[in-house]
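Examination of the molecular architecture
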Amino acid sequence: MAVVSAERGSLGGLLVISAVLAVFELFFLPLRFDGTLLPDIGATPFPISALVAAVSMWWLVGAAGRVAPRPAVAGAPLWVWLGTLLLFVLIGPGGDRIVLSDWRMLLLLGAGAFPAAFRIGDVMAKAAIARNQDTRG
């Protein structure tokens with residue numbers, strides 16, 4: 001019983017981290033080299049949050065897969081991340097629109113979803129290998 005509770009706590013923590021990261025990645029998506037926060041390099045977009053999304057979603061899905069090696073559990077951080085982004089698309093805070101409707105939003109979605117999907121496939125493959133080893137001997 002304590003193991004199940006610890007797994008739920010670990011998974012819950014990963015899901016909270018996933019939601020918080022989605023919010024921060026979305027807020028820092030419009031970052032530019034315009035002299036305001038970053039040096040002035042002709043107002044060039046700097047979507048560093050897409051790189052953060054790629055690395056963090058890879059890690060979160062892998063960590064969730066270690067908690068319980070099932071695709072539904074491993075994919076939970078991805079679903080929470082996508083749900084949080086969708087929530088901000090539909091309802092921004094205070095009615096404001098935060099989501100950019102340009103290539104940076106597509107880059108963020110792709111950079112977060114593709115590594116997570118590959119990692120879910122890795123969890124599925126490891127689970128299948130473990131099942132085959134259990135049935136053989």
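Preceding this paragraph is the structure being described.
Quick summary incoming for the structure in this document. (Residues numbered from 1 in each chain as written. Predicted model: local features only at pLDDT ≥ 70, side-chain atom pairs only at ≥ 80, totals over all residues. Heavy atoms only, no water.)

Here we take up the side chain of Arg119. The topology assignment puts Arg119 in helix α5 (residues 103–136). Of the side chains with opposite charge, Asp122 comes closest to the buried, unpaired Arg119, at an N-O distance of 4.2 Å. If we skip the residues at most four places from it in the chain, Arg119 touches Trp58, Val61, Gly62 and Arg66. (Helix = DSSP H or I, 4+ residues; strand = E, 2+ residues; numbered from the N terminus. Buried < 20%, exposed > 50% of the residue type's maximum accessible area, 1.4 Å probe, protein only. Lys, Arg positive; Asp, Glu negative; His and termini not counted. Salt bridge = Lys/Arg side-chain N within 4 Å of Asp/Glu carboxyl O. Contact = heavy atoms within 4.5 Å.)

Okay, the packing of helix α2 (residues 48–67) against α5 next. The geometry of α2 relative to α5 is characterised by a closest axis approach of 8 Å and an angle of 25° between their N-to-C directions. Of the possible angle classes, the one that applies to α2 and α5 is roughly parallel. The element α2 and its partner α5 pack so that their crossing is right-handed. Side by side, α2 and α5 meet where Ser49, Ala50, Ala53, Ala54, Met57, Trp58, Val61, Gly62, Gly65 and Arg66 of the first sit next to Leu107, Leu108, Ala111, Gly112, Pro115, Ala116, Phe118, Arg119, Ile120 and Val123 of the second. A class-by-class count of the residues in the contact of α2 with α5 yields 14 nonpolar, four polar and two charged. (Axes fitted to C-alpha atoms, helices over the stretch in contact; angles between N-to-C directions. Parallel < 35°, antiparallel > 145°, perpendicular 65-115°, else oblique. Left-handed = near helix turned anticlockwise from the far one by under 90°. Nonpolar A, V, L, I, M, F, W, Y, C, P; charged D, E, K, R; others polar.)

Running from amino to carboxyl end, helix α4 (residues 76–90) crosses α5 at an angle of 165°, the nearest separation of the two axes being 10 Å. Our classification of the angle between α4 and α5 gives roughly antiparallel. When the axes of α4 and α5 are compared, the crossing they make is left-handed. Within the contact between the two elements, α4 uses Leu78, Trp81, Leu82 and Leu85 and α5 uses Leu108, Leu109, Gly112, Ala113, Ala116 and Ile120. For the contact of α4 with α5, a count of residues per class yields nine nonpolar, one polar and no charged.

A surface patch of nonpolar side chains, about 470 Å² in accessible area, is lined by Val16, Val20, Phe24, Phe27 and Phe28. Position of Val20 relative to the elements: it lies in helix α1 (residues 2–27). On the basis of relative accessibility, which here comes to 39%, the residue Val20 falls in the partly exposed class. (Patch = residues over 30% accessible without salt bridge, like charges linked within 9 Å, V, L, I, M, F, W, Y side chains within 5 Å. Areas by Shrake-Rupley, 256 points an atom, 1.4 Å probe, with all protein chains shown as cover.)

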